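Each chain is listed here by its residues.
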Amino acid sequence: MTAPAPRRGAPTPPGLLAAAGLVARKDLAIEFRSRSAFLSALVLSLLSLVIFYFAWDPTAVAAVDVAPGILWVTFTFSGLLGLHRSFGVEQQERAMDALLVAPISREAIFLGKASANLAFVLGVQLVALPALALFYNLPLTTVLGPLAIVMLLSAIGLTCIGTLFAGITSNTRMAELLLPVLALPFFVPIVLPAAQLTAKLLAGRPLEESLGWLRILLAFDLVFLYACTIAFPFTLED
Amino acid sequence: MAVAVAAMAAALVRAIYFTPAERLQGLAQKIFYVHVPSAWVAFLAFGLTAIAGGVWLFIKDPRLDRFAESSAEVGVIFTTGVLVSGPLWGKPIWGAWWVWDARLTSTLFLWFLFLGYLVLRSAVDEREARARYSAVVGILGALLIPFIHLSVYLFRTQHPTPVVANTAGIQMPGVMVATLFLSLGAFTLLYIALVRQRMALAAERDALLDASTAES
Amino acid sequence: MTPLLEARRLVRSFGARRAVNDVSFGIAAGDALALFGPNGAGKTTLLRLLAGLLKPNVGAAAIAGEMLPAPEARARVGLISHRTMLYDTLTARENVRFAAQLHGIADAEGATQHALEQLRVADRAEVPVRALSRGLQQRVAIARAIVHGPDVLLADEPYTGLDEQGANALTGLLLERRAAGAALVVVTHALSEGLAVASHAAVMRAGSFVRHEATAGLDVVRYAAEYRELFA
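Residues numbered from 1 in each chain as written. Chains lettered and ligands numbered in written order. Predicted model: local features only at pLDDT ≥ 70, side-chain atom pairs only at ≥ 80, totals over all residues.

(A) Representation of the overall build of chain A. If you tally the helices and strands in chain A, you get 8 helices and 0 strands. Walking chain A from its N terminus toward its C terminus, one meets helices and strands in the order α-α-α-α-α-α-α-α. For the C-alpha atoms alone, the extent of chain A along its principal axes is close to 80 × 35 × 30 Å. Looking at chain A as a whole, 48% of its 238 residues qualify as buried. (Helix = DSSP H or I, 4+ residues; strand = E, 2+ residues; numbered from the N terminus. Buried ≥ 20, exposed ≤ 12 C-beta atoms within 10 Å, placed from the backbone.)

So this is what it looks like as structure tokens:
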């Protein structure tokens, strides 16, 4: 075979981040068109906030004490809800094949899908958090800044794991059941620090006091963002 | 297999009859010789499952996948052993069946990971896909365990546990140490023997499937 | 002359089954290979190997010297599969434009419009793909596959679901790609359709080529009779 001949006028394929951006935009456009997953995740999280309220005895436990648990259980489960769609749309007509043939890296596909899922989770949080403050009469405005950091760091970890496992389980029987079974153990090192941090913040303590928890969250994000991005290509058939 | 059974018998006989009971804990301490080796094998099994999966991703040798599958299945049995023997000791010594201590919690999640891993395997029919998915989940699981340990450890140190006994095993008479090491060896042998049996079964199952697909 | 698309001793197994078993061939720029064979003969697996979607167990495939599945080689492939590979809530234009952007086409908008016009679906471009008929969806799928002007066009049953106008547009397009110097592989069950656009024809059985020749001078009727005999 001859040496690779450079083609004249050949287009330059997008790099890692540009390709990830294209994939993310495409996924969000699809979600925006139907909005079904987003709406159901939103309704689910509002419903769970309401149901938790009636399972709570306000005379025995203060709102600031139950709120972190409720918040994070709600986010965890509603976050899982949107993940199936992420790969469902690729499988329906095997659009994934077109993505894989295109001259973009498989890591870019993962990062794009994870970013779209991150936007999804953050969108749900954006509505559910004020609802929590409203239903449980919590003074969230004073801790909004630090809480936003905690939410963002947790959401990154959740979506990395969730996106990778959704990719895996979408190719299996009983995908809807398998995803939580696989993913929930991985959410422990996210939910535990996040709930602790939320509790501390609601108790009026500064964020600097809980740097240990923040470090765990950050370390988890870095390790699993890297690990999941590396691992994703291995989950694809070759 | 026979060697492993003999070693197990020897270790148990020694633990029960020839090792003195611990002064403070009494007979309950003897669970130690089952509990610690089970925990060792449980984590060993998971580590080897993850490593076998990782290597499989690069060389795709079906034997590695069969090993990972067998090791996970045997591992889940030993993990169950840890989770059962722990509370049996914990109730008389700690005063509670269950304590959310870092090691306990890590073992519990190890058990969840093993089960998730096996459920995932059962949900995929195509052999290569099954090996691929389970390898990735195994490796990520191995990354997860330290995080769980760390976060639960931090969680506990901030909420001191009400009843914490002395951590058994730091200072032990030589005769107990010898029994412990005998037990560790015996349990490891048992693990190897069980995995070998299970791998042979998996190899026969795969061969049978190959034969039936080749015909069609 | 070095072929534009070259396959050397390709082998791909699934478990114990060899879906593609020692297949070698080359297609020069401007040539087209029509690939025939019954279901399960390995045609789709071969196409997936050539698109870089699968890696061969043995052997290699290359496009102009670039080994598959390197991105440089994949960039030159256009794949039409028997599934449309489209997102059904997005419009035809969005689908095709997304493909153009993934290939880094500078004028993605213009390339998209051109591809849609070539397949005569430009007037339905703003409709979600879900609302289009199967035949129109297939045309959009083809537009998606050719929007970046691929040097190698791999088509798996591309005529599925197309009406006469669509089929004619596709045949015209395939011949035009050939004239533009692309190499084509067309998998089809319809012998006459395949032979009409191809310079070479091959028949696959149980993962291997059992016939492979130039189509010049081939008599369609006789070829069909011999083909039936092969699988009788």
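There's more to say after this.
(B) How the structure looks around the overall build of chain C. For chain C, the helix and strand inventory stands at 8 helices and 10 strands. If one aligns the C-alpha atoms of chain C with their principal axes, the spans along those axes are about 45 × 40 × 35 Å. When each of the 232 residues of chain C is scored for burial, the buried share is 52%. Look at the contacts in chain C between residues 6 or more apart in sequence, and 67% of them connect residues 24 or more apart. (Contact = placed C-beta atoms within 7 Å.)

(C) Broad picture of the interface of chain C and chain A. On the side of chain A, 30 residues touch chain C, which itself brings 37 residues to the contact. Those elements giving two or more residues to the side of chain C that touches chain A turn out to be helix H2 (71-74), strand S6 (77-80) and helix H3 (92-102) of chain C. Residue contributions to the side of chain C that touches chain A peak at 5 residues, all from H3 of chain C. Considered class by class, the residues forming the side of chain C that touches chain A number 18 nonpolar, 10 polar and 9 charged. (Nonpolar A, V, L, I, M, F, W, Y, C, P; charged D, E, K, R; others polar.)

(D) Region of the structure containing helix H3 (residues 62-94) of chain B. Look at H3 of chain B: 46 Å from first C-alpha to last across 33 residues, which is about the 48 Å you get at 1.5 Å a residue. The first or second residue beyond H3 of chain B is glycine 95 of chain B, which carries a positive phi of 85°. (Expected span 1.5 Å × (residues − 1).)

(E) Geometry of unusual backbone geometry. Between leucine 68 of chain C and the following residue, proline 69 of chain C, the backbone shows a cis peptide bond with an omega angle of 5°. Here proline 69 of chain C is to be found in the loop between strand S5 (66-67) and H2. Residue asparagine 137 of chain A is not a glycine yet carries a positive backbone phi of 55°. The topology assignment puts asparagine 137 of chain A in the loop between helix H5 (106-135) and helix H6 (144-169).

(F) The arrangement of the confidence of the model for chain A in detail. Per-residue pLDDT for chain A averages 88, and the proportion of residues at 70 or more is 96%. This model gives residues 1-6 of chain A a pLDDT under 50, and the stretch forms 13 contacts once residues within four places in sequence are excluded. (pLDDT = per-residue confidence, 0-100.)

(G) Broad picture of the pairing of strand S9 (residues 200-205) of chain C. Residues and elements named next belong to chain C. Counting buried residues in S9 gives 5 out of 6 residues, a clear majority hidden from the surface. Alignment of strand S3 (residues 32-36) against S9, held across 4 bridges, turns out to be parallel. Directly across from phenylalanine 36, in S9, lies its bridge partner valine 203. As defined by bridge partners, S9 adjoins strand S10 (residues 208-214) across 6 bridges and the pair is classed as antiparallel. Following the sheet pairing, valine 203 is matched in S10 by arginine 211. Here S9 hands over to S10 after 2 residues, with alanine 206 in that stretch at a positive phi of 50°. (Pairing = 2+ DSSP bridges.)

(H) Fine view of the environment of methionine 85 of chain C. Relative to the helices and strands, methionine 85 of chain C is located in the loop between S6 and H3. Methionine 85 of chain C sits in the buried class, given 24 other C-beta atoms within 10 Å. For the pair methionine 85 of chain C and lysine 43 of chain C, spaced 42 residues apart in sequence, the C-alpha separation works out to 18 Å. Ignoring any residue separated from it by four or fewer positions in sequence, one finds methionine 85 of chain C in contact with Glu93, Arg94, Ala95, Asp97 and Ala98 of chain A together with Ala141 and Arg144 of chain C.

(I) Fine view of the packing of H5 of chain A against helix H8 (residues 211-235) of chain A. Residues and elements named next belong to chain A. Contact geometry of H5 with H8 gives a least axis separation of 8 Å together with a crossing angle of 120°. One finds that H5 runs oblique with respect to H8. Crossing geometry of H5 relative to H8 is assigned as right-handed. Every residue of H8 that contacts H5 at Arg106, Glu107, Phe110 and Leu111 is listed here: Cys228, Thr229, Phe232 and Pro233. For the contact of H5 with H8, the class distribution of residues is 5 nonpolar, 1 polar and 2 charged. (Axes fitted to C-alpha atoms, helices over the stretch in contact; angles between N-to-C directions. Parallel < 35°, antiparallel > 145°, perpendicular 65-115°, else oblique. Left-handed = near helix turned anticlockwise from the far one by under 90°.)

(J) The arrangement of the sheet that holds S6 of chain C in detail. All names here are of chain C. Taken in spatial order, the 6 strands line up as S6-S7-S8-S3-S9-S10 in an open sheet, and their pairing is mixed. The outermost strands of the open sheet, each flanked by one partner alone, are S6 and S10. The mean angle between the axes of side-by-side strands here comes to 15°, regardless of whether they run parallel or antiparallel. Those strands touched by helix H5 (residues 134-146) are S6 and strand S7 (152-156), and its axis lies near 170° from that of S6.

(K) Representation of the environment of leucine 48 of chain B within the structure. Note that leucine 48 of chain B resides in helix H2 (residues 32-59). For the pair formed by leucine 48 of chain B and aspartate 101 of chain B, sequence separation is 53 residues and the distance between their alpha carbons is 25 Å.

(L) Seen up close, the nonpolar core. Within the largest apolar cluster, 206 residues are counted, with the highest numbers of intra-cluster contacts made by Leu50, Val140, Ala143, Leu154, Val185 and Val186 of chain C. The greatest single-element share of this core, amounting to 14 residues, is contributed by helix H7 (residues 175-202) of chain A. Beyond its immediate sequence surroundings of up to four residues, leucine 50 of chain C is in contact with Leu5, Ala7, Ala61, Leu68, Leu154 and Val185 of chain C. (Core = buried A, V, L, I, M, F, W, Y, C linked by C-beta atoms within 7 Å.)

(M) Highlighting the sheet that holds strand S1 (residues 5-14) of chain C. Residues and elements named next belong to chain C. Pairing is antiparallel across the open sheet formed by 4 strands, whose spatial order is S2-S1-S4-S5. Of all strands in the sheet, those bounded by a partner on one side alone are strand S2 (17-27) and S5. Pairing analysis gives 5 bridges linking S1 to strand S4 (residues 58-63), with the strands arranged antiparallel. In the strand pairing of S4, alanine 7 is matched with alanine 61.

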